[in-house]
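The residues making up each chain are set out below.
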Amino acid sequence: MRALILILLVGFFMVQRIVPYHDMAGTITTLSDLKNDPMPHREAQVELHTETVTAIVYDSNTIYKVGDQVLLQQDPQFSELYSVTDFVRTHSL
């Protein structure tokens, strides 16, 4: 029993923040009002580690707000086009 508790404690303190594509994780600093052209979406300013970019937040059941840690996806054809894909999740679901 003690060994199991020790393993769990060591694992808890050794777990690092797991973020896929670490450079594509950032914090929403501003969020626009809903726009309806061509699809319902908002525009967010997201502060990455090295820069601040504008990202599209498509209208969905997920509600993002200023201060949320999010993951971005970069469009493969247009390098300056980003979209918010999910929250940064640092703990198991």
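Refer to the structure presented above.
I will try to describe carefully the structure that is included in this document. (Residues numbered from 1 in each chain as written. Predicted model: local features only at pLDDT ≥ 70, side-chain atom pairs only at ≥ 80, totals over all residues. Heavy atoms only, no water.)

**Quick word on the packing of aromatic side chains**
Evaluation of the coordinates by the stated rule reveals 1 aromatic pair. Each ring, one from tyrosine 64 and one from phenylalanine 87, has its centre 4.7 Å from the other, and the planes form 45 degrees; the classification is tilted. Here tyrosine 64 is found in the loop between strand S3 (52-58) and strand S4 (69-74), whereas its partner phenylalanine 87 is found in strand S5 (residues 82-87), with 23 residues between them in sequence. Tyrosine 64 sits in the buried class, given a relative accessible area of 11%. Of the residues examined, phenylalanine 87 reaches a relative accessible area of 24% and is grouped as partly exposed. (Phe/Tyr/Trp six-rings, centres within 6.5 Å; stacked < 30°, edge-to-face > 60°. Helix = DSSP H or I, 4+ residues; strand = E, 2+ residues; numbered from the N terminus. Buried < 20%, exposed > 50% of the residue type's maximum accessible area, 1.4 Å probe, protein only.)

**Focus: the sheet that holds strand S1 (residues 25-31)**
Taken in spatial order, the 5 strands line up as S1-S2-S3-S5-S4 and close into a barrel, and their pairing is mixed. Neighbour-to-neighbour, the strand axes of the sheet open up by a mean angle of 55 degrees, direction not taken into account. Across 7 bridges, strand S2 (residues 41-47) lies against S3 in antiparallel orientation. Bridge pairing in S3 links glutamate 43 to isoleucine 56. (Pairing = 2+ DSSP bridges. Axes fitted to C-alpha atoms, helices over the stretch in contact; angles between N-to-C directions.)

Functional significance is not addressed by these values, which are geometric in nature.
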